[in-house]
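Spelled out, the chains give:
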Amino acid sequence: KFVPSGAITGDIDLTDAVGQGPLKPEIVKTSPIAGQQPGTSGLRKKTKEFMSPNYLENFVQSAYDSIKENGTDLSEGSLLIGGDGRYYNSEAIQIIIKMGVANGVKRFWVGENGLMSTPAVSATIRERGPMWQKAYGSFILTASHNPGGPDEDFGIKYNCENGGPAPDELTDAIYAKTTTIKSYKICKDFPTIDLSKPGITTVKAEDGSSEVSVEVISSTESHVELLKTIFDFAAIKALLDRPDFNMIYDCMYGVNGPYAKEIFVKELGQSEDVCMNATPKDDFNGGHADPNLTYAKELVEIMGLNRKGEAIDTGDRKIPSFGAAADGDGDRNMILGTKFFVSPSDSLAIIAANANKIPFFKAQGGLKAVARSMPTSGAVDRVAEDLNFDLFETPTGWKYFGNLMDSKAIYKGTDYTPFICGEESFGTGSDHVREKDGIWAVLAWLQILAVENSDPSKPLVTVEDIVKNHWKKYGRNYYCRWDFEGVDKTAAESMVDMMRGKFSQYTGKVIDGYEISTADDFTYLDPVDRSLAKNKGIRFLMSDGSRIIFRLSGTAGSGATIRMYIEAFEPEKIDAVASDALSGLVRVALDICDMKGFIGTEEPTVIT
Ligand code: G6P
Ligand code: ZN
């Protein structure tokens, strides 16, 4: 291999360096920066921290080194880069490219304007290009639903060849390297790439010995093409064209806007008004781009609801038939009907029960397996039992689903893996990609509605009708989650420790009529790689099937976030208001954890 001349000062191996001129790598001395351990979904910190000297560079060099050690040849195939468009997105991309060149990457694909939603990254890795060009991985610049801007959050994560987030071994290896890093490699003279329009820039070494190409690609194409093979767009268009049906999709100024416009305006011929807040902004317009009843306030009001998901008086104002929202990086979703909130756990169960209305599943002989995270309600369990699906209960975090999807062995007697999974945290998806997919969930609902409404002469079957019919058949898992955000970390940890220390005292105890049959900390044995995940949530399982669960968030921006999940199953009484049906259990939960004692309040910041 060509070794560049010039003064080499660091102790880095330059055998994979690419040449002279713009491809001449330089070595920059650095030293470890504490705290670069990636969390549930990559490394997330304040933007200012990311912009501080060497912060991004240290992490990216550690990533390139780890990816290489993991057996990936950076010079073969393509490296994809995209982000949710938050502040510092484009600058970070240029740095990652310049460092990539110095580390031996020969072909980059970058989303137009630096944008690419998380599910689109997954789709693009899996679907784009001929075999020899396929992406081996991707850097995604996102902090998901966390606010963006110079004073808010930034994030970076790496996804692998299967389109899913890097496994723990890889993120641990990256972290280990950040603790010992001494220098990083960068081609400072590599040109800054114009990300504003698709096209290929090829940069050659001065002596012509090697070249690197950077292709700015459509952010939406691979993902939209994939979605068109999954759903029946003509049937969805017929629904949307019905005079008695109208929808609104809140993109919350995140990356989802271009995808929503491409699908609803261009492919399905709807008016631009269908897509709300659909121009990405680098600070999400100062909002919290998280699709739930608290943060998607504007949409929730339009749909005739309050922050508890209850119908409000709207006079004669016309309320849309269908409302949806997406988070900053487009992987989460919230589904609403006219004055009606669909809880994410119910949404998962209902999509699973109706999966065969979606061509993707039908074509593969029907859905075979479903999975939910532990705190997600058991609504989908009843569907799985009824329809004979394999059912998995995993810890919180999409990566556990990815592992199941990539294993064919665990499915009963077939190679196909039509698979649907979801979480209470507004994530839903299937094995078409290896991330949750917000727009997929919206299309899944529209597909189900389209089939239910295939006869235009009949009155509209609404979102509420579909949910209530589901409850009539399967019973209702009343559910709510209370979040206590920005609380003192030590207090939150002591609270969890207190409960952990008392499991045996709780077992068998009856509190306010609820008998605790099990009190434990959720442990998961991954059926695929047999790895054990411990301490994944404090559970109080009641003998009547109700559950109280506590977890500390793995994605909290600052301080700690306590999540309290409450669930009660009712086979017949399906028409109560959720907050009423759950008030007794909520009281028991607040007492068990001594919320007031530990954090000084019982008032949550968010209820979903
Ligand atoms: C991210 C992950 C989800 C996970 C969620 C949990 O969105 O992609 O898979 O459910 O974080 O967040 P938490 O804050 O509850 O740890
Ligand atoms: Zn997200």
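Conventions adopted
Residues numbered from 1 in each chain as written. Chains lettered and ligands numbered in written order. Predicted model: local features only at pLDDT ≥ 70, side-chain atom pairs only at ≥ 80, totals over all residues. Heavy atoms only, no water. Near = heavy atom within 4 Å. Polar contact = N/O pair within 3.5 Å; in protein donor to acceptor, adjacent residues only side chain to side chain. Areas by Shrake-Rupley, 256 points an atom, 1.4 Å probe, with all protein chains shown as cover. Nonpolar A, V, L, I, M, F, W, Y, C, P; charged D, E, K, R; others polar. Axes fitted to C-alpha atoms, helices over the stretch in contact; angles between N-to-C directions. Helix = DSSP H or I, 4+ residues; strand = E, 2+ residues; numbered from the N terminus. Parallel < 35°, antiparallel > 145°, perpendicular 65-115°, else oblique. Contact = heavy atoms within 4.5 Å. Pairing = 2+ DSSP bridges. Expected span 1.5 Å × (residues − 1). Buried < 20%, exposed > 50% of the residue type's maximum accessible area, 1.4 Å probe, protein only. Arc of directions from axis to C-beta. Donors = N, O, S within 2.8 Å, 3.2 Å for Na, K, Ca; no water. Tetrahedral: all angles 85-135°; square planar, octahedral: opposite > 155°, others 65-115°. Right-handed = clockwise from strand over helix to strand, strands pointing away. 1 Å grid on protein atoms, 1.4 Å probe; cavity = no way out; pocket = protein on both sides within 12 Å on 5 of 7 lines; lining within 4 Å. Points joined across faces, edges and corners; volume = space filled by probe spheres on them.

1. Observations regarding the site of ligand 1
Then step 1. Near ligand 1 there are 13 residues, and of these Glu423, Lys436, Ser553, Thr555 and Arg563 occur at the shortest range.
Then step 2. In this structure, Glu423 approaches ligand 1 through a side-chain N or O atom, which is 2.6 Å from an oxygen atom.
Then step 3. Contact between ligand 1 and Ser553: an oxygen atom at 2.5 Å from a side-chain N or O atom of the residue.
Then step 4. For ligand 1, whose accessible area on its own is 390 Å², the fraction buried by protein is 97%.
Then step 5. Classifying every residue of the shell around ligand 1 gives 1 nonpolar, 7 polar and 5 charged.

2. Things to note about the packing of helix α7 (residues 233–241) against helix α14 (residues 438–452)
Then step 1. Packing of α7 against α14 brings their axes to within 9 Å, and their N-to-C directions diverge by 75°. As summarised for this structure, α7 and α14 are arranged roughly perpendicular, according to the angle between their axes. Contacts between α7 and α14 involve Phe233, Ala235, Ile236, Leu239 and Leu240 from the first element and Leu443, Leu446, Gln447, Leu449 and Ala450 from the second.
Then step 2. Of the residues assigned to the contact of α7 with α14, the class counts are 9 nonpolar, 1 polar and no charged.

3. Digging into the sheet that holds strand β8 (residues 199–204)
Then step 1. Across the sheet, which stays open at both edges, the 7 strands sit in the order β2-β6-β5-β3-β4-β9-β8 with mixed pairing between neighbours. Two strands bound the open sheet, and with one partner strand each, they are β2 (43–46) and β8. This sheet shows a mean twist of 15° between the axes of neighbouring strands, independent of strand direction.
Then step 2. Along the sheet, helix α4 (residues 118–127) contacts β3 (78–83), β4 (107–115), β5 (135–141), β6 (153–160) and β9 (211–217); its crossing angle with β5, the most-contacted strand, is approximately 170°.

4. Quick look at the sheet that holds strand β17 (residues 419–423)
Then step 1. Taken together, 4 strands build an open sheet; the order of strands is β16-β15-β17-β18 and the sheet is mixed. A strand with exactly one partner marks an edge of an open sheet, and here the two such strands are β16 (390–394) and β18 (427–430). Recorded for the sheet is a direction-independent mean angle of 15° between the axes of neighbouring strands.
Then step 2. One ladder, built from 4 bridges, connects β17 with β18; its direction is antiparallel. The residue bridging Ile420 from the neighbouring strand is Ser430, located in β18.
Then step 3. Contacts from helix α10 (residues 344–353) reach β15 (369–373), β17 and β18 within the one sheet, and its direction differs from that of β17 by about 170°.
Then step 4. On the sheet, helix α12 (residues 379–387) packs against β15 and β16 and is oriented at approximately 165° with respect to β15.

5. Topic: unusual backbone geometry
Then step 1. Positioned with a positive phi, Phe284 is a non-glycine residue whose angle comes to about 50°.
Then step 2. Locating Phe284 in the fold gives a position in the loop between β11 (275–276) and α9 (297–302).
Then step 3. The backbone phi angle of Asn285 is positive, close to 60°, even though this residue is not glycine.

6. A word on the environment of Met131
Then step 1. Mapped onto the secondary structure, Met131 falls in the loop between α4 and β5.
Then step 2. Sequence-wise, Met131 and Gly77 are 54 residues apart; in three dimensions their C-alpha atoms are separated by 8.1 Å.

7. Quick notes on helix α8 (residues 256–267)
Then step 1. End to end, α8 covers 15 Å across 12 residues, agreeing with the expected 16 Å (1.5 Å per residue, within 8%).
Then step 2. Of all the positions in α8, only Asn256, Gly257, Tyr259, Ala260, Ile263 and Phe264 are classed as buried. Each buried residue of α8 lies within a common arc of 165° when the element is viewed along its axis, so the set occupies one face.
Then step 3. At the exit of α8 stands Gly269, carrying a positive phi of roughly 65°.

8. A word on the coordination of the zinc ion (ligand 2)
Then step 1. At 2.0 to 2.1 Å from the zinc ion (ligand 2) lie its protein donor atoms, namely Ser144 (OG), Asp327 (OD), Asp329 (OD) and Asp331 (OD).
Then step 2. Coordination geometry of the zinc ion (ligand 2): the 4 donor atoms subtend angles of 87 to 166° at the metal centre, consistent with an arrangement described as irregular.
Then step 3. The sequence motif formed by the donor residues of the zinc ion (ligand 2) is S-x182-D-x1-D-x1-D.
Then step 4. Using a relative accessible area of 0% as the deciding quantity, one classes Asp327 as buried.

9. A short note on the pairing of β16
Then step 1. Burial of the side chains of β16 is restricted to one face: Asp390, Phe392 and Thr394 are buried, whereas none of Leu391 and Glu393 on the reverse face is.
Then step 2. A crossover connection joins β15 to the parallel β16 through α12; in handedness this β-α-β unit is right-handed.

10. What about empty space enclosed by the protein?
Then step 1. Throughout the structure, instances matching the rule amount to 4 cavities of 30 Å³ or more.
Then step 2. In terms of lining residues, the largest cavity is bounded by 16 residues, among which Pro38, Gly39, Gly42, Ala166 and Thr171 are the most central.
Then step 3. Every element with two or more residues in the lining of the largest cavity is listed here: α2 (55–69), β6 and α5 (168–178).
Then step 4. Partitioned by chemical class, the residues of the lining of the largest cavity number 8 nonpolar, 5 polar and 3 charged.

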